[in-house]
Amino acid sequence: MAIGKLADQTHAPVQANWTQETLLLLERLAGAPFGTTAFWVSLAVALGIVLLLGWVLANFLFAAKRGILICFLGQLLPALAGGAGWVAVRVYAVPELQPGVVREWLPWGGAGLAALLGTLLLTRWILGVSELRALLSVVLTYGGVIAFFVFAGEYLPQAPEEPGSTADGPPLYESYREDPLEPLDSFNKD
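Residue indices begin from 1 for each chain and proceed along its sequence in written order. Local features are withheld for residues below a pLDDT of 70 in this predicted model, meaning they are given only at 70 or higher, and side-chain atom pairs are given and counted only at 80 or more; totals for whole chains, interfaces and linings count all residues. To obtain the side-chain values, all non-hydrogen atoms of the structure were used and water was disregarded.

Notes on the overall build of the protein chain
Numbering of helices and strands starts at the N terminus; helices are DSSP runs of H or I of at least 4 residues and strands are runs of E of at least 2. Helix and strand counts for the protein chain stand at six helices and zero strands. Beginning at the N terminus, the succession of helices and strands in the protein chain can be written as α-α-α-α-α-α. Throughout, exposure labels follow a simple rule: accessible area from a 1.4 Å probe, protein chains only, divided by the maximum for the residue type, with under 20% read as buried, over 50% as exposed, and the rest as partly exposed. Scored against the burial criterion, the 190 residues of the protein chain give a buried share of 33%. Note that accessible areas follow from Shrake-Rupley with a 1.4 Å probe, and for residues the cover is restricted to the protein chains shown. Here the protein chain has roughly 11,300 Å² of accessible surface; of this, 69% comes from carbon and sulfur atoms.

Let's talk about the pattern of salt bridges
Any two side chains of opposite charge can pair, so long as their charged atoms come close to each other. What makes a salt bridge here is a side-chain nitrogen of Lys or Arg within 4 Å of a carboxyl oxygen of Asp or Glu, nothing more. Counting across every chain of the model gives two salt bridges. One salt bridge in this structure joins Glu21 and Arg90, with 3.1 Å as the shortest N-O distance. One end of the pair, Glu21, is in helix α1 (residues 2-30); the other, Arg90, is in helix α3 (residues 68-93), with 69 residues separating them in the sequence. Classification of Glu21 by relative accessible area gives buried; the value is 1%. The exposure class of Arg90 is buried, given its relative accessible area of 3%. Ionic pairing is found between Arg124 and Glu131, a salt bridge with its closest N-O pair at 3.5 Å.

Considerations on the environment of Ile68
Position of Ile68 among the secondary structure elements: in helix α3. Residue class for Ile68 comes out partly exposed when judged on its relative accessible area of 32%. Each C-alpha atom of the pair Ile68 and Val56 lies 8.6 Å from the other, and the pair is 12 residues apart in sequence. Two residues form a contact once any of their heavy atoms are found within 4.5 Å. The residues touching Ile68, leaving out its near neighbours within four places in the chain, are Leu51, Leu52 and Trp55.

A few points about the packing of α3 against helix α4 (residues 101-127)
Every angle, taken between N-to-C directions, lies between 0 and 180 degrees, and every axis is a line fitted to C-alpha atoms, over only the stretch in contact when it is a helix. Packing of α3 against α4 brings their axes to within 7 Å, and their N-to-C directions diverge by 150°. With respect to their mutual orientation, α3 and α4 come out roughly antiparallel. For the crossing formed where α3 meets α4, the hand is right-handed. Residues belonging to the contact of α3 with α4 are distributed by class as follows: 18 nonpolar, eight polar and one charged. Roughly parallel means an angle under 35 degrees; roughly antiparallel, over 145; roughly perpendicular, 65 to 115; everything else is oblique. The sense of a crossing depends on the near helix, which, turned anticlockwise from the far helix by less than a right angle, makes the crossing left-handed and, turned clockwise, makes it right-handed. Note that Gly is not counted as nonpolar here; it falls among the polar residues with everything else outside the nonpolar set of Ala, Val, Leu, Ile, Met, Phe, Trp, Tyr, Cys and Pro and the charged set of Asp, Glu, Lys and Arg.

Observations regarding α4
Here α4 is 27 residues long and its end C-alpha atoms lie 37 Å apart, about the 39 Å a rise of 1.5 Å per residue gives. Along its length, α4 reaches its greatest deviation from straightness, about 35°, at Thr119. Lining the buried residues of α4 we find α2 (37-61), α3 and α5 (131-152). Gly128 occupies a position one or two residues after α4 and carries a positive phi of about 70°. The span one expects for a helix is its residue count, reduced by one, times 1.5 Å. Throughout, the bend at a residue refers to the angle made by two axes, fitted to the seven residues ending there and to the seven starting there.

Looking at the packing of aromatic side chains
Think of it this way: a Phe, Tyr or Trp ring, Trp meaning its six-membered ring, pairs with another when their centres are within 6.5 Å, and the plane angle makes it stacked under 30 degrees, edge-to-face over 60, tilted otherwise. Here the structure, examined in full by the defined rule, presents seven aromatic pairs. Considering the side-chain rings of Phe39 and Trp40, the 5.0 Å spacing of their centres and the 85° angle between planes classify their relative orientation as edge-to-face. Taking relative accessible area as the criterion, Trp40 reaches 42% and is therefore assigned partly exposed. Taking the centre distance of 5.5 Å and the plane angle of 85° together, the rings of Phe148 and Phe149 count as edge-to-face. Taking the relative accessible area as the measure of exposure, Phe148 reaches 30% and is therefore partly exposed. The rings of Phe34, Phe39 and Trp40 are connected pair by pair, giving a single aromatic cluster.

Now the structure itself:
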């Protein structure tokens, strides 16, 4: 019985860090605190663009001949793999590194590598196209998402300038650490 308790204690902080790092990544990408209206609208718009633009590009430009939901799944999996890569590097590698450029950019490198592998292994298989067509389809789809937010993002609901100045509540990331690059070891101390 004691071994089970010990195993639960050793794995519990890592589980919490995965959740916290995932929410931090989502907040960074959405540009708004988790749970606010601006966050959910940004997420819905991005998923809608991936759904429609990904389907149009995969079927009409790259001849995937798949349904809209299958194309959406094929376009979404690289983003999920990239997010998992970013979080894994943040949880396991960043606390071991000294402050510097590598520590700041390594999570994005892990995300890019995981997204590339997700594209070449999963998207290619789901869409039934070559590696180059799958890669171009994903790059153009997410390029369209980025372009939309660059050029039309000002028309979406904006996050409040002052954290806590909205009825939606304060940003989640402030509740567990101020510096997003702070080592996780200092956070886990009780």
